[in-house]
Every structure is written in structure tokens, then in C-alpha cells.
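# Examining the three-dimensional arrangement
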Amino acid sequence: MFQLSKDGLAFVKNELTRYETKRSAVLPALFKAQEENGGWVSPEVVVHLSQVMDIPMSQINEVLTFYTMYNKKPVGKHHIQVCCNISCAMAGAHEMADYLCDKLGVHDGEMTKDGRFTISRAECLGSCDTAPVMQINMDEYIENLTYPKLDQMIKELK
Amino acid sequence: MAEIKLLTEHYHKPEFQTLDGYKKNGGYDVLKKAFKMKPKEIIEEVKASGLRGRGGAGFPTGMKWSFLPDNGEPRYLLCNADEGEPGTFKDRLMMERAPHQLIEGMIISAFAVQSKKSYIYIRGEYTKCLSVVRKAIKEAYDAGLLGKNILGSGFDHDMDVYSGAGAYICGEETGMISSLEGKKGQPKLKPPFPAVQGYLAKPTIVNNVETLAAVKYIIRDGAAAYKKIGTEKSAGTKLFSVSGDVNKPGTYEVPLAYPLRDLIANECGGMKGKLKAVIPGGSSAPILNADESNKVNMDYESLAAAGSMLGSGAVIIMNETRCMVDMLNVILHFYHHESCGQCTPCREGTGWLEKIVSSILLGRGRPQDIDLLDTIAQNMKGRTICALSDAAALPTISFVQKFRDEFEFYIREGRSKVTGQPIKRKNIKGSHHVEMHH
Ligand SMILES: Cc1cc2nc3c(=O)[nH]c(=O)nc-3n(C[C@H](O)[C@H](O)[C@H](O)COP(=O)(O)O)c2cc1C
Ligand code: SF4
Ligand code: FES
């Protein structure tokens, strides 16, 4: 059964008091729980959050399903999101996403068998002047991507 | 035309990110000036400046502020830092380089509209902005610039950051409000407008990052000075996020009415290749061909007269190697993916448009598809709760109209007129959201 850590619980309890309504805490709480659950939100996570927040599961699920940054299925340790929107597409992002998929033997949005990577295509990340751009998990962007950079990155991320 | 830098003047200085460095460059002096004015005077000044919202719609800011009802209810100020419009990256830069400039602009604006609480709604992907802005807010609290009785003015104001979670539609103001309430970010029918019934059904002003920052310079220099920049209907400077086939993509601040040609030649270091087309206001704006691009000025009325719009100021530049069928497909994939699904014309229309264009790309296009694209798009315009439907329709209509030959060629030959080859992409038609809606 999933349970928030002591810190996680303290964070969620604090969020519940920070906003004008308790419900506003659902988005930050889901981020926290996702982080503590290995990068995705399982049905158990929702049950737990509903209990500790005293918010109906339906209201948590509504948020969970609407926003793309909550993963509804397990993702790799490194969730690589390649922006394939217009400026990145012009700079070859689709081909780079394909390259990563081929190299790791997965399709779009799939996790590698060893659980290390998930590759997916993202929408505009707001860094179009440094296209192509990607984001790994919730880290800072990796910009001006090149094939050698991709190779290097895959080698380094174990 | 002379270069005018207001908002971006100190962007190159790393010190500008910290409170001390910001203060060294005149930071928070304008707030002191604003506190000597009456809130109504600030609103009048902003009205007189001609400032129009920089988030996309270009609505006059001072006028929006004066829609607030005088009913004693608490008022909220919401800074729209969702920045989801493809091609737009100016707000990210401002938050990273000049967080205090935004905070100062927001305190002045909050004082003007007499709001005691504001939120900066930042898209969740912007992890760096989130931490930079949070840190700056803390610095401001510690220095007595936020909280109770700011600088002894008697004005109390609290500010907080809220993180989005990956939904373009949360940039639409009513969608953003729902999201801040902890719900799905689905837009609501207007009226009532947020100024009357917004966050928690209370009066709420939603403004873009750049808009709120610009308020500081209007109060600093006075409305008359600000209005002198630009044109009668497009006052002030504007930050343009330029990307695509130019030598120096980036964010550039120029006076409104700056010729697009000059922006490319002077600020962006010229074209990479030969100019073919420009999307001047974010991917939802109608595309301009080379001829139109060379003639147009970057202001609200000139772009409208040219059949496009200024939007968020995202300028996407394409050279002769770009296949327009391909480009439209990328754009349509986005709007289909991001449709919130409430309105039938948008939910079905965006999917249908994407399906048709991707089938053309796969060599399965039919001659009647071109007119079909236009008909569907025409029927999606102005019939929905929010403007996302138009955001998919307007580019479609303009692409098909201005580059019809490329669509015809592709349908006839099963390959791109530009590259001579079929556009091959594994994910074409692979929109996983197609299933979601059925
Ligand atoms: C689908 C959609 C997405 C939008 N996204 C943004 C956005 O990311 N940032 C923004 O400032 N405005 C966005 N807007 C416009 C807002 O609804 C609103 O008009 C704006 O934030 C008002 O601020 P302004 O008056 O300062 O421009 C969007 C509108 C629509 C219809
Ligand atoms: S137009 Fe589209 S995005 Fe906007 S409310 Fe309707 S369905 Fe949702
Ligand atoms: S198109 Fe990729 S960051 Fe904007």
C-alpha cells in the first residue's frame, strides 16, 4: 500500500492550509505523491490522498486524468520528453525522438524493459529559441539537442 | 527606428535576479512612487497609456481593471504565467532574469485594483521559473515588500505561486481559475467575466506576465511617455519571441509597429535560407506569406489588417525548405491534443482536421479534402466556449488558402512539393488522444 513519507505528509498537510480552499491542494499533493511513488500515480495513491486530505476520490481523479504531467501508468526512472511542437519539429525533434525510441527499443510513451527510460513527445516547452529541447523528469531543460548529445546522455543516465 | 528597452534593459545582468541587484538598478523605487498615488489614479494612468494585454487577446488593461464591481468583496489578482502557446517563451525569460520586476509590477497593479492576494500561475514544466520566483517572493517578504503594511503604505498584500500540471487550456483565464481552485482546467462561458466573477466566484483580474511588468514602466515614466512609443492603438514596447529559420532566435523587445522585416534583419541576424512564411503571433495566428511578411508592421492593427494577429508575440519563421502540409499537421496535432473536450465543434473539429491533414501526409488525401478542411474550420470559428477552437481553425484556413498548391500537389502525387519526398514520420496520425474522445 502506498503511503506518503513523513515529509510528504507534512507537505500535503501544509498545502491544505495554504490556499483559500482545501481543494486547491490537490494539484501540489499529486505532484508530491507522484514523486514519492516512483514517478506515477497509482490507484492506491489516490485512495491514500483521499484519506489524508479528506477529499473525495472523484475530485482527485478528475485532476489526475486532466493534466498530462501526472503519469497514469509506471514510467521509467528517466522520463525523457522531447518537445515536438513547431519550432522543435523544424529543428528535427521528431527524428530525434524516433532515434531515441529505436536506440532503446521502445515505442512512443513506452518504458524500457529494465525500467530505466520512458520516451515521449511533449508539446511546446517554451524554449523554442533553443530548439530542439527536452526535459527529463522535472529537471531543467536540455537545449539545442544534437545526436551526439543524445548518445552521451543515454550513456550517462544509468 | 531607435531601439527602446524598458522591460529588458537589465536582462543581461545576473544581479538583476536578486533583490539587492534589482534595487541597485532602481528596483522598487516605482512602487514607492505608486504608493503616493491613489489607486484610481494608477488605473487612470494605465488607461491613458493605451497598454493592451500581452497574453494574446490584446484587451486594454486599464479598461479591464475598471470592470471590477464596487461591492466590497475581496479581489484577486492572477498573473498568467502559463505560457503554453507554441512559439512563446518571453514570460519564461522575464521570470528567470527579472523576477522582482514582475513582483514589483504586480504589487503596483494589486494596489491599483485593491487586491490583497495574488497568485502567479506558472506552468508546471517551468521548474526553474518556479524556484526563481518562489525565492524572489521570499526575498520580498523578508524585505517588507510583501505582507502587512508594505513600506508603511498601509497596504497589505500576499503573493503566492501556483504550479500548473501540463495543460495548455489552463492559459485561458477561466480555465486557469478552475485549475487554481484545484479542478480540471476547463474554461467557462463568459459573461460573467472574471473581473466580476472569477476565482472562488470573487472579482478577479487575470493579466499576463509582460502586461503586469509593463505597468511599472507606465507609472515610472507616465502614461504620456509610454503612449508615445508605438502607434495610437498599439502603445508601448513588446517582447517578441522569435524562433525558426533565423540566425539568432531569441526574445527581443522593440517598439510596437516595428517592421517584421527589420526584426528579422536587425534583431534576428537575418534569415537562414530564404523567407517563405511567418506565423507572427503564436501558432494560433494565421500564417503570412513572404510578401505579406515583408510589408507588415508588428502591431495589433497592422497585423489584423494583414489578416493575422499579434497574439502573444511569438514569431515563427519558416524558410523555403518547409513543407506547409507538414507544418499544419504539427499545429493541428497540438490543438487536438489540448482541446478540453467540452464543445463539440472543438472536440470533434480539431480531431477531424488533424486526421485529414495526416491522411494527406500519408498519401491518402482526396481532392475534396482541401475544401473540406476549409469548411470544417469555418464551422469551428466563434461557436465555442473559448478561443481554442479558433486557434485551430484560423491557421487551417490561412494555410490552405495561401499554400493551396502544396496541398494539391501532395494529394495528387503523394509527396511533398517542397522536399519532393513523402514526409515520413512514425507518429503521423498517431495521436493517442484520438481514442480518448471516442
Ligand atoms: C486557449 C487559450 C490559451 C491561452 N494561453 C495563455 C497563456 O498561456 N498566457 C497568457 O497570458 N494568456 C493566455 N491566454 C489568454 C488569457 O485567456 C487572457 O486573455 C490573458 O491572460 C489576459 O491577460 P492580458 O490581458 O494581460 O493579456 C489564452 C487564451 C486561450 C483562449
Ligand atoms: S473551445 Fe475547445 S478548449 Fe475551449 S472550452 Fe470548448 S472544447 Fe474546451
Ligand atoms: S516548440 Fe519546442 S520548445 Fe517551443
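Residues numbered from 1 in each chain as written. Chains lettered and ligands numbered in written order. Predicted model: local features only at pLDDT ≥ 70, side-chain atom pairs only at ≥ 80, totals over all residues. Heavy atoms only, no water.

### Digging into the overall build of chain A
- A count of helices and strands for chain A gives seven helices and four strands.
- Beginning at the N terminus, the succession of helices and strands in chain A can be written as α-α-α-α-β-α-α-β-β-β-α.
- In terms of principal-axis extent, the alpha carbons of chain A reach across some 50 × 35 × 25 Å.
- Of the contacts made within chain A by residues no fewer than 6 positions apart, 61% connect residues no fewer than 24 positions apart.
- Surface summary for chain A: the accessible area is close to 7000 Å², and the carbon and sulfur share equals 53%. (Helix = DSSP H or I, 4+ residues; strand = E, 2+ residues; numbered from the N terminus. Contact = heavy atoms within 4.5 Å. Areas by Shrake-Rupley, 256 points an atom, 1.4 Å probe, with all protein chains shown as cover.)

### As for the pattern of salt bridges
All names here are of chain B.
- Counting across every chain of the model gives 41 salt bridges over all chains.
- Note that K190 is salt-bridged to E172, the shortest N-O span being 3.3 Å. Here E172 lies in the loop between β3 (158–163) and α8 (173–180) and K190 lies in the loop between α8 and β4 (204–208), a separation of 18 residues in the sequence.
- Between R404 and D371 there is a salt bridge; the shortest N-O distance is 3.2 Å. Taken together, the residues R404 in helix α18 (residues 404–413) and D371 in helix α16 (residues 369–380) connect sequence positions 33 residues apart. (Salt bridge = Lys/Arg side-chain N within 4 Å of Asp/Glu carboxyl O.)

### Examining α16 of chain B
Residues and elements named next belong to chain B.
- For α16, which comprises 12 residues, the first-to-last C-alpha distance of 16 Å matches the rise-based estimate of 16 Å (1.5 Å per residue) to within 8%.
- Inspection of α16 places D369, I370, L373, I376, A377 and M380 among the buried residues, and these make up the whole buried set. Taken down its axis, α16 places every buried residue within 130° of arc, on the same side.
- Residues of α16 that are buried sit in contact with α15 (344–361), α17 (388–402) and α18.
- Phi turns positive one or two residues past the end of α16, at G382, with a value near 65°. (Expected span 1.5 Å × (residues − 1). Buried < 20%, exposed > 50% of the residue type's maximum accessible area, 1.4 Å probe, protein only. Arc of directions from axis to C-beta.)

### Structural notes on the pairing of strand β5 (residues 237–244) of chain B
Residues and elements named next belong to chain B.
- With eight of its eight residues buried, β5 lies for the most part within the structure.
- Of the two faces of β5, the one carrying T237, L239, S241 and S243 and the one carrying K238, F240, V242 and G244 are both buried.
- Here β5 pairs with strand β6 (residues 250–255) via six bridges, running antiparallel. Note that in β6 the partner of F240 across the bridge is Y252.
- The loop that links β5 with its antiparallel partner β6 comprises five residues.
- Both β5 and strand β11 (residues 314–319) contribute to a ladder of four bridges, which runs parallel. Note that in β11 the partner of S241 across the bridge is A314. (Pairing = 2+ DSSP bridges.)

### Focus on the interface of chain B and chain A
- Opposite the 57 residues of chain B that make contact, chain A presents 42 residues.
- Between chain B and chain A lies a buried interface of about 3900 Å² when both sides are counted; carbon and sulfur atoms form 56% of it.
- Linking chain B with chain A are three salt bridges, by the criterion used here.
- For the side of chain B that touches chain A, the secondary-structure elements that each account for two or more residues are β2 (117–122), α7 (127–142), β3, α8, β5, β11 and α14 (324–338) of chain B.
- Ranked by residue count, the leading element in the side of chain B that touches chain A is α14 of chain B, at seven residues.
- For the side of chain B that touches chain A, the per-class residue count stands at 25 nonpolar, 17 polar and 15 charged. (Buried area = accessible area lost by both parts, 1.4 Å probe. Nonpolar A, V, L, I, M, F, W, Y, C, P; charged D, E, K, R; others polar.)

### Some words on the site of ligand 1
All names here are of chain B.
- Contacts to ligand 1 come from 18 residues, most closely from G55, K64, N80, N208 and T211.
- Taking N80, its side chain carries an N or O atom lying 2.8 Å from an oxygen atom of ligand 1.
- Within the backbone of G171, a nitrogen or oxygen atom sits 3.2 Å from a nitrogen atom of ligand 1.
- When isolated, ligand 1 has an accessible area of 610 Å², and the protein chains bury 90% of it.
- A per-element tally of the shell around ligand 1 places β4 first, with three residues. (Near = heavy atom within 4 Å. Polar contact = N/O pair within 3.5 Å; in protein donor to acceptor, adjacent residues only side chain to side chain.)

### Things to note about the sheet that holds β11 of chain B
- The five strands are arranged β6-β5-β11-β8-β9 (chain B) in an open sheet whose pairing can be described as mixed. With one partner strand each, in any of the chains shown, β6 and β9 (288–289) of chain B form the two edges of the open sheet.

### Observations regarding the site of ligand 2
- In the vicinity of ligand 2, 13 residues are found, and the nearest of them are C340, Q342, C343, C346 and C386 of chain B.
- Split into classes, the residues belonging to the shell around ligand 2 amount to eight nonpolar, five polar and no charged.

### Here we look at the confidence of the model for chain B
Residues and elements named next belong to chain B.
- Residue-level pLDDT values for chain B average 96, and 97% of them are 70 or greater.
- Every residue in residues 430–438 scores below 50 in pLDDT, and together they form 11 contacts with partners more than four places removed in sequence or on other chains.
- ipTM for the predicted complex: 0.97, alongside a pTM of 0.97. (pLDDT = per-residue confidence, 0-100.)

### A closer look at a nonpolar patch on the surface
- A grouping of F59, M63 and F67 of chain B is seen on the molecular surface, where their side chains present a nonpolar patch of about 270 Å² in accessible area.
- Of note, F67 of chain B is situated in the loop between α4 (61–65) and β1 (76–81). (Patch = residues over 30% accessible without salt bridge, like charges linked within 9 Å, V, L, I, M, F, W, Y side chains within 5 Å.)

### Concerning the nonpolar core
- Residues I80 of chain A together with I107, I120 and I122 of chain B are the most contacted members of the largest nonpolar core, which totals 88 residues.
- When neighbours within four sequence positions are excluded, I122 of chain B is seen to be in contact with A81, M95, C129, L130, V133, V161, Y162, S163 and G164 of chain B.
- By size, the runner-up hydrophobic cluster in this structure holds 86 residues, among which are V46 of chain A together with M318, I356 and L361 of chain B. (Core = buried A, V, L, I, M, F, W, Y, C linked by side-chain atoms within 4.5 Å.)

### Some thoughts on the environment of G50 of chain B
- Take G50 of chain B: it is sitting in the loop between α3 (39–49) and α4.
- In contact with G50 of chain B, not counting residues within four places along its chain, are K227 and A235 of chain B.

### What about the pairing of β3 of chain B?
- Among the six residues in β3 of chain B, five count as buried, and that is most of the element.
- Regarding the hand of the β-α-β motif, the stretch spanning β2 of chain B, α7 of chain B and β3 of chain B is right-handed. (Right-handed = clockwise from strand over helix to strand, strands pointing away.)

### Comments concerning the packing of aromatic side chains
- Within this structure, the stated rule accounts for 18 aromatic pairs over all chains.
- The interplanar angle of 35° and the centroid separation of 6.3 Å between the aromatic rings of Y19 of chain A and Y119 of chain B together place this pair among those described as tilted. With Y19 of chain A in the loop between α1 (6–18) and α2 (26–36) and Y119 of chain B in strand β2, this pair bridges two chains.
- You can call Y119 of chain B buried: its relative accessible area is 1%.
- Taken together, a centroid distance of 5.3 Å and an interplanar angle of 80° make the contact between Y22 of chain B and Y28 of chain B edge-to-face.
- Judged by its relative accessible area of 0%, Y22 of chain B falls in the buried class.
- You can call Y28 of chain B buried: its relative accessible area is 1%.
- Pairwise contacts between aromatic rings join Y19 of chain A together with Y76, Y119, Y121, Y162 and Y199 of chain B into one cluster.
- A cation over an aromatic ring shows up here: R52 of chain B above the ring of Y300 of chain B, its NZ or CZ 4.1 Å from the ring centre. (Phe/Tyr/Trp six-rings, centres within 6.5 Å; stacked < 30°, edge-to-face > 60°. Lys NZ or Arg CZ within 6 Å of the ring centre and 35° of its normal.)

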